[in-house]
Amino acid sequence: MSWYDLKGRDLISEVDWTKEEYDIAIKLTDHLKSMYYSGQPHPYLQYKTFAMMFFASSTRTRMSFETAMTQLGGHAQFISPKTLRLSLEDKPGAGETIKDTAKAMSRFCDGIGIRLLDDAINYYGHGDAVIRKFAEFADVPVINMASDINHPCQSLTDIYTIMEKLGDPKGKKIVITWAYSPWIRGRCSVQGTALIAAMYGMEVVIAHPPEYDLDPKVMDQCRKLASASGGSFEITNDMDKALDGATIVFPRNWYTGRRYEIGKDEELKIAQKYRDWRYTAERQKRLTNPGYLLHCMPVDRGNEVDPEVCDNDLSWIYDQAENRLHTQKAILTLTLGGRL
Ligand code: CP
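Definitions and cut-offs
Residues numbered from 1 in each chain as written. Predicted model: local features only at pLDDT ≥ 70, side-chain atom pairs only at ≥ 80, totals over all residues. Heavy atoms only, no water. Near = heavy atom within 4 Å. Polar contact = N/O pair within 3.5 Å; in protein donor to acceptor, adjacent residues only side chain to side chain. Areas by Shrake-Rupley, 256 points an atom, 1.4 Å probe, with all protein chains shown as cover. Nonpolar A, V, L, I, M, F, W, Y, C, P; charged D, E, K, R; others polar. Domains from an automatic or database assignment. Pairing = 2+ DSSP bridges. Helix = DSSP H or I, 4+ residues; strand = E, 2+ residues; numbered from the N terminus. Axes fitted to C-alpha atoms, helices over the stretch in contact; angles between N-to-C directions. Contact = heavy atoms within 4.5 Å. Buried < 20%, exposed > 50% of the residue type's maximum accessible area, 1.4 Å probe, protein only. Core = buried A, V, L, I, M, F, W, Y, C linked by side-chain atoms within 4.5 Å. Arc of directions from axis to C-beta. Expected span 1.5 Å × (residues − 1).

1. Digging into the site of the ligand
Phase 1 of the analysis: Taken together, the neighbourhood of the ligand is formed by Ser58, Thr59, Arg60, Thr61, Arg115, His151, Gln154, Cys296, Met297 and Arg324.
Phase 2 of the analysis: Between the ligand and the protein, one listed contact pairs an oxygen atom with a backbone N or O atom of arginine 60 at 2.9 Å.
Phase 3 of the analysis: Backbone polar atom of methionine 297 to a nitrogen atom of the ligand: 2.9 Å apart, as the coordinates give it.
Phase 4 of the analysis: Against a free-state accessible area of 250 Å², the protein chains account for coverage of 93% of the ligand.
Phase 5 of the analysis: Grouping the constituent residues of the shell around the ligand by class yields two nonpolar, five polar and three charged.
Phase 6 of the analysis: Each of domain 1 (3-150 + 324-335) and domain 2 (154-320) accounts for three or more of the residues forming the shell around the ligand.

2. Here we look at the sheet that holds strand β2 (residues 75-79)
Phase 1 of the analysis: Taken together, the four strands give an open sheet; going across it, the order is β2-β1-β3-β4, and neighbouring strands pair in parallel fashion. Each of the sheet's edge strands pairs with one partner strand only, and the pair in question is β2 and β4 (142-147). Ignoring strand direction, the axes of neighbouring strands in this sheet form an average angle of 15°.
Phase 2 of the analysis: In the packing of helix α2 (residues 60-71) onto the sheet, contacts are made with β1 (49-54), β2, β3 (111-116) and β4, and the angle to β1 comes to roughly 170°.
Phase 3 of the analysis: This element, helix α4 (residues 126-137), spans β1, β3 and β4 of the sheet and lies at about 170° to β4.

3. Some details on the environment of histidine 75
Phase 1 of the analysis: Position of histidine 75 among the secondary structure elements: in strand β2.
Phase 2 of the analysis: Histidine 75 sits in the partly exposed class, given a relative accessible area of 44%.
Phase 3 of the analysis: Sequence separation between histidine 75 and phenylalanine 65 is 10 residues; the distance between their C-alpha atoms is 9.6 Å.
Phase 4 of the analysis: If near-sequence neighbours (up to four positions away) are discounted, histidine 75 is found in contact with Lys48, Thr49, Phe50 and Met69.

4. Quick look at the nonpolar core
Phase 1 of the analysis: Membership of the largest hydrophobic core comes to 107 residues, with the highest contact counts inside it found for Phe50, Ile112, Phe134, Ile174, Ile176, Val204 and Leu332.
Phase 2 of the analysis: Top element by residues in this core is helix α6 (residues 188-199). It accounts for seven residues.
Phase 3 of the analysis: Lining this core are residues from two domains, each supplying at least three of them: domain 1 (3-150 + 324-335) and domain 2 (154-320).
Phase 4 of the analysis: When sequence neighbours within four positions are dropped, the list of residues in contact with valine 204 reads Ile174, Ile176, Ala194, Ala197, Ala198, Ser232, Phe233 and Glu234.

5. Points about helix α3 (residues 98-106)
Phase 1 of the analysis: Where α3 is concerned, the buried positions are Ile98, Thr101, Ala102, Met105 and Ser106. Axial view of α3: buried residues confined to an arc of 130°, hence all on one face.
Phase 2 of the analysis: Considering only its buried residues, α3 is in contact with β1, β2, β3 and α4.

6. With respect to the environment of aspartate 158
Phase 1 of the analysis: Residue placement: aspartate 158 occurs in helix α5 (residues 152-166).
Phase 2 of the analysis: The buried category is assigned to aspartate 158, whose relative accessible area is 1%.
Phase 3 of the analysis: Placed 75 residues apart in sequence, aspartate 158 and threonine 83 show a C-alpha to C-alpha distance of 33 Å.
Phase 4 of the analysis: Discounting residues that sit within four places of it in the chain, aspartate 158 has contacts with Thr193, Leu294 and Gln320.

7. Some remarks on α4
Phase 1 of the analysis: The end-to-end C-alpha separation of α4 is 17 Å, in line with the 16 Å expected for 12 residues at 1.5 Å each.
Phase 2 of the analysis: Along α4, the residues that are buried comprise His126, Gly127, Asp128, Val130, Ile131, Phe134, Ala135 and Phe137.
Phase 3 of the analysis: Residues of α4 that are buried sit in contact with β1, α3, β3 and β4.

This is the structure in structure tokens:
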């Protein structure tokens, strides 16, 4: 492990980088955030271009990456895949292949970001497979800007925010709980936060109704990371019990393992059985005092979380959103080659 090794590296799953490598990114984030708040230019990626393909919508990820490249002296190119000649079907007659698209894009840019999840995919794992195929053929780093499985840029931001607010996260209890929303959200953010929290030795508890098991492979990764870091990992179907004594809670909706077989309408019927799975001011009292709200946003106010809980002093959500900018500047600088 060294700073040098991060040049040219992809970041697709949280487990692609080691804790020591995230520590480097966190150290650089501190530096970049200091430069930002002291008004000092830091054009570490001058004349470099980061190409961003969004197959699904975004507020924070698009804006933070675009602003990041501006502040680093480079350029972020927003690409709506509908305007490309690419077809994800990757078969004769369908459109340009992933290989040719990745190879050609590599001649124009210094890094490629891809977001592919939700309605833009046909099965769970599809987004991850496509991003990995791009990475296989691209000659520049590929950064996952949210897939169906992982959201490493959000996860780094989450652990950075926790460390910025509380110092060493080791041994602190974080509860990632399913919460009702008709939005039928993906799993990447909750799975990603669980992975990074386990990697950093936190006491990680996942709470959800019985139908909402997360990806078993990711849960296994969490168990292994927790065991290696001296943290712990537990899954429960009891939200209230899970919240007891927690320092941090991340209440978020996610879909069942059958989302792409049964469709959104059936998903909604299942979700509606659990409308009382909402993070409220009353439930906040179960946490340590103080106990904090972490949320990747967008948050479904009034469903996932009561509005007053989003807005009180124990909510980190806007600082967390801002930190996407600072952590992604570190990821871009390290992977796209900030060094001389
Ligand atoms: N948290 C997050 O990825 O937000 P966006 O979907 O708005 O990018």
